[in-house]
Every structure is written in C-alpha cells, then in structure tokens.
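Remarks on the overall topology
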2 protein chains.
Amino acid sequence: MKKTIITFSMISISLLGLFQISKYSITKGSINIESIIAIIAVIFLFIGMWLNKKSPKEKKSDTIINTERISSLGISEREYKILQKISEGYSNKEIGDQLYVSESTVKTHVSNLFQKLDVKRRTQAVQKSKDLNIL
Amino acid sequence: MKKTIITFSMISISLLGLFQISKYSITKGSINIESIIAIIAVIFLFIGMWLNKKSPKEKKSDTIINTERISSLGISEREYKILQKISEGYSNKEIGDQLYVSESTVKTHVSNLFQKLDVKRRTQAVQKSKDLNIL
DNA sequence: GCTATTTTGGTACTTTAGTATGAGTCATTT
DNA sequence: AAATGACTCATACTAAAGTACCAAAATAGC
C-alpha cells in the first residue's frame, strides 16, 4: 500500500517535471520534440519494468497444475485430495479424520493412487507428482 | 530471441509513429504537448511492464538453500544427506545401500533428524524442510 | 432404469517406519 | 589424556504404511 502511493507520487512528480522541461526547451528551441519523446519513453519503459519487478514477489508458485495429466493418469478427485494431504505430511489416520472417512478408505485410495503414479512410497508419490506438475 | 527482435521492432515502429503524430499535432495546434507526453508515458509504462512479465519465465528455482538454518537446527552433514534422500523418495534400506551404511544407521539418523526438525513422519520432514528453505 | 465408475469400508497380512537404548569407533577440542 | 560430538551398528519393540481381496453404497452417464 505505502509502496504504491510512493510509486505513483514519484511518477506524478516526474511527469510534472518533464512538462516543465519540455515547455522551456521547446520555447527556447534548444531541444527538439523527438528527443524529449525518446527520453520520456525510455524513462517510463524502465519505470514499467521496475514496477513489475516488485509486484510478483507475493506469489511465487507459478507452476500451473496440469489438470490434464491428472485425468490422463486416471486419478480421481478423492485420490487427488488424498495426494495433497500426503504432501502436507499427514498420516492415513489424520487424512481420514480430516475427510470424515475411515483409515481403511484412505489406505485403499492411497494404494490405488500409487499404482496410477507407479510408485511404492508416499514420499515417492510426492516427488513424482511435483515433477509431473500435478502438485 | 525471435521475441526480442519482434519486441524491439514494435517499439521502434511505435516511436516513429508517435514522432509523426506529435509533429503533425503540434504544427496543427490541435493537441498540446502535455497530452502527448502523458500518452507516451502511459504507453511505455505498459510496454515496460509487459516486457518484464515475459522475462522471468526462464529461471525457476530461486530458492536459495539456507545453510545457516541447517546448522542452527544442529543438523549434521550425514543427517542432511539422508534428508535429501528421503525427499527423493527412497526407503531407509535404499538410503543405506546408497550411502554404504546399514539400515540401522539410517534409522538412527532419521530419528535424530526428526527430533531436530520437530516432526513425526518423513513426509512432514520434507514439507517442513522446504518451508524452511533447507531443501 | 441400468451400467460404469467412484467412493466407501472391512479383514488379514507383510513390509517399512520410527523409537528407545546401549555401545563402539574416530577425529577434534580442551 | 580426557571429553566432546559425529557416525556407526545392533536389538527389541511399537506404530504406521502398504497390499490383497472382497463387497456394498453412492454417483454419474447413457
């Protein structure tokens, strides 16, 4: 918030300053209009780049989840939900409690999930899923 | 590469176009200089933002491993090595084979590691380690 | 309605994982 | 030389994890 205000204040001041410079320069005839435009263009080009460099700091995970690959592997919604919970470090019992199902059900899902992912352990499942961009 | 060439071509053409427009407008006296500067500023502000949005797609892994945090948690070299293997999805037996130690040794390291990381499961260890930027 | 898939759950079993405890080796530090 | 810390290994045990096989609801699709 504060940064945004400062940024726009700076831009406004810069603009006003440029107005004055351009006016004086043109009336004096010392600098031609093309130079002024070029300078402004370059300045604001860099301001734009600078602005966008700051902004995407908040969100980092720009890895898009590959929904197609999930379905192509035949992974169902429930199985995927459990995969997420596994990656968060929960045990089968904990997952069952969170999803209001028994541990047996979770185990069944996990077992089916591993077959579809072609893995043997949950740590492997997490690693492979992240490689496949489905997590 | 192609994109860069296209981008700069577009910018050059835009600039030339703006030169012409500004010239005609000023000679005709229909538009004042302030408006032109403002328009150019806005246009190049967005060009700059657009340019920088495209660029950082190449590099992905900007997560620097926090070596200080590893030592501050008291995690030894061997324990860290095993942590890496865990995150790669290997079992204790497999890790032992890869590091030429017995499964017992791996278990001991894993147990000590979990205490230092304050976790109960290996999936939790991986998740927490990535949160702490030590993996 | 009927079929196919998903989701659910159970039992029984094998395999890993993880804890606790003790102990020996080796290199470094005091 | 003695203490320290890291690495090693073993035994014994408990607790999860994972497999196999089966079966009944629930849901989606035709």
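Look up a bit, the structure's there.
Summary of the structure given here.

What counts and what doesn't
- Residues numbered from 1 in each chain as written.
- Chains lettered and ligands numbered in written order.
- Predicted model: local features only at pLDDT ≥ 70, side-chain atom pairs only at ≥ 80, totals over all residues.
- Heavy atoms only, no water.
- Near = heavy atom within 4 Å.
- Polar contact = N/O pair within 3.5 Å; in protein donor to acceptor, adjacent residues only side chain to side chain.
- Helix = DSSP H or I, 4+ residues; strand = E, 2+ residues; numbered from the N terminus.
- Nonpolar A, V, L, I, M, F, W, Y, C, P; charged D, E, K, R; others polar.
- Buried < 20%, exposed > 50% of the residue type's maximum accessible area, 1.4 Å probe, protein only.
- Contact = heavy atoms within 4.5 Å.
- 1 Å grid on protein atoms, 1.4 Å probe; cavity = no way out; pocket = protein on both sides within 12 Å on 5 of 7 lines; lining within 4 Å.
- Points joined across faces, edges and corners; volume = space filled by probe spheres on them.

Attention now goes to the protein's contact with DNA strand C. Of all residues adjacent to DNA strand C, which total 19 residues, the nearest are A:S76, A:S102, B:K107, B:S111 and B:R122. When the atoms of DNA strand C within 4 Å of the protein are grouped by moiety, sugar and phosphate amount to 67% of the total. With respect to DNA strand C, the side chain of A:T105 contributes an N or O atom lying 2.9 Å from a phosphate oxygen. Those elements that place two or more of their residues in the surface near DNA strand C are α4 (77-87) and α6 (103-117) of chain A together with α6 (103-117) of chain B. Class assignment for the residues of the surface near DNA strand C results in three nonpolar, nine polar and seven charged.

Residue pairs three or four apart in sequence face the same way in an α-helix, which turns once every 3.6 residues. Of all the positions in α4(A), only A:E79, A:Y80, A:I82, A:L83, A:K85, A:I86 and A:S87 are classed as buried. Buried residues along α4(A) sit against α3 (67-72), α5 (92-99), α6 and α7 (122-131) of chain A together with α7 (122-131) of chain B. One or two steps after α4(A), the chain reaches A:G89, where phi turns positive at roughly 90 degrees.

Overall, the coordinates contain one cavity of 30 Å³ or more when judged by the stated rule. In this model, the largest cavity occupies a volume close to 60 Å³. Secondary structure elements with two or more residues in the lining of the largest cavity: α7 of chain A together with α7 of chain B.

As a further point, take the protein's contact with DNA strand D. Within the structure, DNA strand D sits among 19 residues, and A:K107, A:S111, A:R122, B:S76 and B:S102 are positioned closest to it. Across the atoms of DNA strand D situated within 4 Å of the protein, the share located in sugar and phosphate is 65%. At a separation of 2.9 Å, a base oxygen of DNA strand D approaches a polar side-chain atom of A:K107. Between a phosphate oxygen of DNA strand D and a side-chain N or O atom of B:T105, the distance comes to 2.9 Å. Elements represented by at least two residues in the surface near DNA strand D include exactly α6 of chain A together with α4 (77-87) and α6 of chain B.

Further remarks concern the environment of B:S91. Tracing the backbone shows B:S91 in the loop between α4 and α5 (92-99). The spacing of B:S91 and B:E103 is twelve residues in sequence and 9.3 Å in space, taken between C-alpha atoms. The residues touching B:S91, leaving out its near neighbours within four places in the chain, are A:R121 and B:R122.

So far we have only geometry, and geometry alone does not tell us how the molecule works.
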